[in-house]
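One-letter residues, chain by chain:
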Amino acid sequence: MSPPLQAEHPAVEADTALLERRLRTLGLPRGSTVRVHANRTVMVSTNGRGEVRVHRGYAYAPDRVLEAVVRFVSPRTHHRDRVLARRTVVAFPVERYVPSGPRRRGHGPSSPRGRTDVEQLRAAHVELNHRCFDGRLSTIPLRVSNRMTTCLGALSVDRTTGAAQEIVISRRHLEQDPWQCVRDTLLHEMVHQWQVEHGHPADHGSRFKSKARAVGIVPAARMRLQPTTHAVSSSGRM
């Protein structure tokens, strides 16, 4: 069994705090202790003494999955309901967001720096989803691109199904701009995600502008990334 993860960098601390806060909001007793781990075998467990061990990847799960976690660990849950809760819990792809097992070394997205950036973006996506979209957006992959030099970020959309596939953020943007600017870019792409998930094109029309104002960002198709200005295309690029 893998040991619980320690707060070895801010992303782990952020995930732990976010996960604990969300679980308590959804009904986990205040006296419980939440510990995160990356054990590929046991995703959620409790020792009956108030300690709940949860795979860190559940920090990016929707509320219905975390509600199932709360039901699963509650001693008052009926056996049949616990079985149903377990099915919901194990169906969520935690390793898509926090891979289990030893970390690989190298450069790019799999390097410690690359993972930390992606994890920070994932935590921000969860936070912004709940604050600005009532937690209704889907959890989709986020990626940092070293090659993206002509735009700040992009929402990829499957041309066949019309579904949102991933949000990509420029590495250059992360390195040269304040974090608040990066969060605004992420939120911009999440507004496009909101458009797509409601069956609308990812454009910068009146629907986009109205939602952008509602979530607190400038409803513009352009932002300045020195030394050039980058425009948003119909695919959601920024």
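From a predicted model like this one, the values you see are computed outputs, not experimental measurements.

Our next topic: the packing of helix H2 (residues 63-73) against helix H3 (residues 79-91). H3 packs onto H2 with a crossing angle of 140° between their chain directions and a minimal axis gap of 8 Å. The pairing of H2 with H3 is recorded here as oblique in orientation. In the packing of H2 onto H3, the handedness of the crossing is left-handed. Of the residues in H3, those in contact with Arg64, Val65, Ala68, Val69, Arg71 and Phe72 of H2 are Arg82, Ala85, Arg86, Thr88 and Val89. Classifying every residue of the contact of H2 with H3 gives six nonpolar, one polar and four charged.

With that settled, the discussion passes to the confidence of the model for the chain. Considering every residue of the chain, the mean pLDDT works out to 79; 79% of them sit at 70 or more. For the chain, strand S8 (residues 228-231) is the element with the lowest average pLDDT, namely 27, and helix H7 (residues 206-215) is the one with the highest, namely 94. Low pLDDT, under 50, characterises residues 102-108; the stretch is placed with 10 contacts to residues that sit more than four places away or in other chains. In the predicted structure, residues 222-238 sits below a pLDDT of 50 and forms 52 contacts with residues beyond four places in sequence or in another chain.

Turning to helix H6 (residues 179-197), a few remarks are in order. With 19 residues, H6 ought to run about 27 Å at 1.5 Å a step, and its terminal C-alpha atoms sit 26 Å apart, in line with that. Burial of H6 is extensive: 14 of the 19 residues sit out of reach of the surface. One or two positions beyond H6, positive phi appears at Gly199, with a value near 80°.

Basis of the calculations
Every chain begins its residue count from 1, and numbering advances along the sequence as written. Only residues with pLDDT of at least 70 get local features here, since the model is predicted, and only at 80 or more are side-chain atom pairs given and counted; chain-wide, interface and lining totals rely on the full set of residues. To get the side-chain values, take all heavy atoms of the structure and skip hydrogens and water. Here an angle of 0 to 180 degrees is reported between the N-to-C directions of two axes, which are lines fitted to C-alpha atoms, with helices fitted over the stretch in contact. Only DSSP runs of H or I covering at least 4 residues are called helices, and only runs of E covering at least 2 are called strands; the numbering of each starts at the N terminus. Orientation labels follow simple angle bins: below 35 degrees gives roughly parallel, above 145 gives roughly antiparallel, 65 to 115 gives roughly perpendicular, and whatever is left gives oblique. Two helices crossing with the near one rotated counterclockwise from the far one by less than a right angle form a left-handed crossing, whereas a clockwise rotation gives a right-handed crossing. Here a residue-residue contact requires only that any non-hydrogen atoms of the pair lie within 4.5 Å. By the convention adopted, Pro, Cys, Tyr, Trp, Phe, Met, Ile, Leu, Val and Ala count as nonpolar, Lys, Arg, Asp and Glu as charged, and the other residues, Gly among them, as polar. You can read pLDDT as the predictor saying how much it trusts each residue, on a scale of 0 to 100. Expected span of a helix: the number of residues minus one, times 1.5 Å. Three exposure classes are used, based on accessible area relative to the maximum for each residue type with a 1.4 Å probe and protein chains only: buried under 20%, partly exposed in between, and exposed over 50%.

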